[in-house]
Amino acid sequence: MMPVALTEMTLPQERRATCLNCPRARFEGWRPDYRCCTYHPRVPNFLLGLALSEPASEKIIKRLVHEGFLLPEGMISSPNQWAHYLTDTGEDRFGRSEKVLCPFLEQKSGLCNLYAFRNSVCSTFFCQHDHGDKGDRFWSSMQTVAQQVEMALGQWALNQLGFDVKAYMKRLNSLAKKIEKVSDPETGAWTPAALKVVWGKFYGRELELLTACGDLVRKHRDELWKIANTIDILEAHQFDRASVRIVPKKYRSEIDAEYFESGDTSPPRDIWRGLKALHKNLWALPAGSLSFSPRAKILANPKEDDEGKAFSNCSHMVEFRARRNSHDYEWREYIPADQAMALLWFSRKRKINDALLERLSEITKQTPSQFLSEWTGKKVLTKSLR
Ligand code: SF4
Ligand code: SF4
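Residues numbered from 1 in each chain as written. Chains lettered and ligands numbered in written order. Predicted model: local features only at pLDDT ≥ 70, side-chain atom pairs only at ≥ 80, totals over all residues. Heavy atoms only, no water.

## Description of the site of ligand 2
Here is step 1 of the chain: Residues in contact with ligand 2, as listed here, are Cys-37, Tyr-39, Pro-41, Cys-102, Phe-104, Leu-105, Cys-112 and Cys-122.
Here is step 2 of the chain: The residue makeup of the shell around ligand 2, split by class, is eight nonpolar, no polar and no charged. (Near = heavy atom within 4 Å. Nonpolar A, V, L, I, M, F, W, Y, C, P; charged D, E, K, R; others polar.)

Written out as structure tokens, the structure reads:
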């Protein structure tokens, strides 16, 4: 569903987000059985329809329909589920939640039961980035493009199947006045009365509609990007604004400012243009001279704490301290001896030229462009002003 050009892009490997050996769970107190799946992903109808062909996901989707967790657009958080999530983030419980968990997570194995059909957020989220902030910006933009495509295709499929999306949005908005009654405060499930309103003539035939959306998208698989760019995405703004009433006042500051915007959404191709520039920037070889940042330090790995021991194959670590938005922050990354040596080589100013690239390729096992783009992305190597 994305442009063909995506297949030609070199994407960061994101080697630090080692999900089945999750660093947040090992070193930062996140639950090893939940990790970053402590949210309710918005999964569009057609992905659920496609996932019905997999026995493990089929079982879960049938249960979700039965318990009232799905809408015609797909798996969309109810107002109470949203409030539970914001309460968690407000209490710094993301990754530690007792209540909010994606229903597709297989807790014992840590595997995702929706993997091949997981949504744009799940497939573009990495908690750490090889290219630092640059990588974060690139993946966020990718996520936005894919989210728009998912929403557009979900609505396109519904309209094609005779489910009028405009009328559906009106029905959702009609629930704004009784927002307190559309979902269960404890479980977060949509109430049967609300489900009857939103599913309309497909109430009781939910699986049929999801399957048909999946089939339709599969049938048009070679033209999805084009289709997604012709659709005006509709939203139920009145309903969305009313949902805020369910969120406890003290956690409303957790709501993204974007949530309150009610303008038109940009077509995915507009965001894609910006994403291409971010991608170029990701791998761009810096010009001029670079030197090792005064905010960073290279230390021997003392192998004393759990993290140091876990990376015992790395002889060194980079420690980075900085200040952003009036907050101090720091991070560290364990690195092998060859990278430590290459970084230390920038203790004095080095001009980027062919000789430097050749020298780097002798010192590190990475390609010079990978080495330079990653460490400048993380701001450990900076443009030298000296
Ligand atoms: S992306 Fe999630 S599961 Fe993977 S390493 Fe990061 S926090 Fe852990
Ligand atoms: S769909 Fe999969 S990856 Fe996404 S939150 Fe659920 S279990 Fe995690």
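Now that the structure has been shown, the text picks up again.
## Describing the packing of helix α15 (residues 354–363) against helix α16 (residues 368–377)
Here is step 1 of the chain: As a packed pair, α15 and α16 sit with axes 9 Å apart at the nearest point and diverge in direction by 95°. As far as their axial angle goes, α16 and α15 are roughly perpendicular. Contact residues: Leu-356, Leu-357, Leu-360 and Ser-361 in α15; Pro-368, Phe-371 and Leu-372 in α16.
Here is step 2 of the chain: Looking at side-chain class alone, the contact of α15 with α16 contains six nonpolar, one polar and no charged residues. (Axes fitted to C-alpha atoms, helices over the stretch in contact; angles between N-to-C directions. Helix = DSSP H or I, 4+ residues; strand = E, 2+ residues; numbered from the N terminus. Parallel < 35°, antiparallel > 145°, perpendicular 65-115°, else oblique. Contact = heavy atoms within 4.5 Å.)

## Things to note about the domain arrangement of the chain
Here is step 1 of the chain: Split by domain assignment, the chain resolves into domain 1 (4–282) and domain 2 (285–383).
Here is step 2 of the chain: Listed by partner, the interface residues are 12 residues for domain 1 and 16 residues for domain 2.
Here is step 3 of the chain: Between domain 1 and domain 2 the total buried area reaches about 1,000 Å² when both faces are included, carbon and sulfur atoms providing 42% of it.
Here is step 4 of the chain: Inspection of the domain 1/domain 2 interface yields three salt bridges.
Here is step 5 of the chain: Between Lys-379 and Asp-133 there is a salt bridge, and its shortest N-O distance comes to 3.9 Å.
Here is step 6 of the chain: Linking domain 1 to domain 2 there are three residue pairs in polar contact (both at pLDDT 80 or more). (Domains from an automatic or database assignment. Buried area = accessible area lost by both parts, 1.4 Å probe. Salt bridge = Lys/Arg side-chain N within 4 Å of Asp/Glu carboxyl O. Polar contact = N/O pair within 3.5 Å; in protein donor to acceptor, adjacent residues only side chain to side chain.)

## Topic: the environment of Glu-330
Here is step 1 of the chain: On the secondary structure map, Glu-330 appears in strand β8 (residues 327–335).
Here is step 2 of the chain: Judged by its relative accessible area of 44%, Glu-330 is partly exposed.
Here is step 3 of the chain: Separated by 11 residues in sequence, Glu-330 and Glu-319 have C-alpha atoms that sit 7.2 Å apart.
Here is step 4 of the chain: Contact partners of Glu-330, with chain neighbours within four places excluded, come to Glu-319, Phe-320 and Arg-321.
Here is step 5 of the chain: Engagement of the side chain of Glu-330 in a polar contact is seen with the side chain of Arg-321, the distance being 3.1 Å. (Buried < 20%, exposed > 50% of the residue type's maximum accessible area, 1.4 Å probe, protein only.)

## Let's talk about helix α7 (residues 165–174)
Here is step 1 of the chain: Looking only at α7, the buried set comprises Val-165, Tyr-168, Met-169, Leu-172 and Asn-173. The arc that holds every buried residue of α7, seen down its axis, measures 140°, which confines them to one face. Away from its buried face by more than 90 degrees, α7 exposes Lys-166 and Lys-170.
Here is step 2 of the chain: Along its buried surface, α7 packs onto α6 (132–160), α8 (192–199) and α11 (237–243).
Here is step 3 of the chain: At the N-terminal boundary of α7, the capping side chain belongs to Asp-164, with an oxygen 3.0 Å from the backbone nitrogen of Lys-166. (Arc of directions from axis to C-beta.)

## So, the sheet that holds strand β5 (residues 289–292)
Paired through their backbone hydrogen bonds, the strands of a sheet run either parallel or antiparallel.
Here is step 1 of the chain: Sheet architecture is open: three strands sit in the order β9-β5-β10, paired in antiparallel fashion. This sheet does not close on itself; its edge strands, each paired only once, are β9 (350–351) and β10 (381–383). (Pairing = 2+ DSSP bridges.)

## With respect to the site of ligand 1
Here is step 1 of the chain: Close to ligand 1 lie Ala-17, Thr-18, Cys-19, Cys-22, Pro-23, Arg-24, Trp-30, Arg-35, Cys-36, Phe-125 and Cys-127, which account for all nearby residues.
Here is step 2 of the chain: A per-class count over the shell around ligand 1 returns eight nonpolar, one polar and two charged.

## Considerations on α16
Here is step 1 of the chain: Among the 10 residues of α16, nine are classified as buried, and the element is accordingly described as predominantly covered.
Here is step 2 of the chain: Those residues of α16 that sit buried are Pro-368, Gln-370, Phe-371, Leu-372, Ser-373, Glu-374, Trp-375, Thr-376 and Gly-377.

## Some points on unusual backbone geometry
Here is step 1 of the chain: Of note, Asp-92 is a non-glycine position whose phi angle comes to about 55°, a positive value.
Here is step 2 of the chain: As for its position among the elements, Asp-92 is in the loop between α4 (79–90) and β3 (105–106).
Here is step 3 of the chain: In the Ramachandran plot, Lys-379 falls in the positive-phi region, its phi being about 65° despite a non-glycine side chain.
Here is step 4 of the chain: The topology assignment puts Lys-379 in the loop between α16 and β10.

## A closer look at the packing of aromatic side chains
Here is step 1 of the chain: Inspection of the entire model under this criterion finds 12 aromatic pairs.
Here is step 2 of the chain: Between Phe-163 and Phe-202, the aromatic rings sit 6.0 Å apart at their centres with planes inclined by 50°, giving tilted as the arrangement. Of the two residues, Phe-163 is situated in the loop between α6 and α7 and Phe-202 in the loop between α8 and α9 (206–219); the sequence distance between them amounts to 39 residues.
Here is step 3 of the chain: A relative accessible area of 3% means that Phe-163 is categorised as buried.
Here is step 4 of the chain: With a relative accessible area of 7%, Phe-202 lands in the buried category.
Here is step 5 of the chain: Note on Trp-225 and Trp-272: the rings are 6.1 Å apart at their centroids and 65° apart in plane angle, and the pair reads as edge-to-face. Residue Trp-225 is located in helix α10 (residues 224–228), and its partner Trp-272 is located in helix α12 (residues 268–283); the two are separated by 47 residues in the primary sequence.
Here is step 6 of the chain: Owing to a relative accessible area of 19%, Trp-225 belongs among the buried residues under this scheme.
Here is step 7 of the chain: Given the relative accessible area of 7%, Trp-272 is considered buried.
Here is step 8 of the chain: Chaining the aromatic ring pairs together yields one cluster made of Phe-27, Phe-311 and Tyr-334. (Phe/Tyr/Trp six-rings, centres within 6.5 Å; stacked < 30°, edge-to-face > 60°.)

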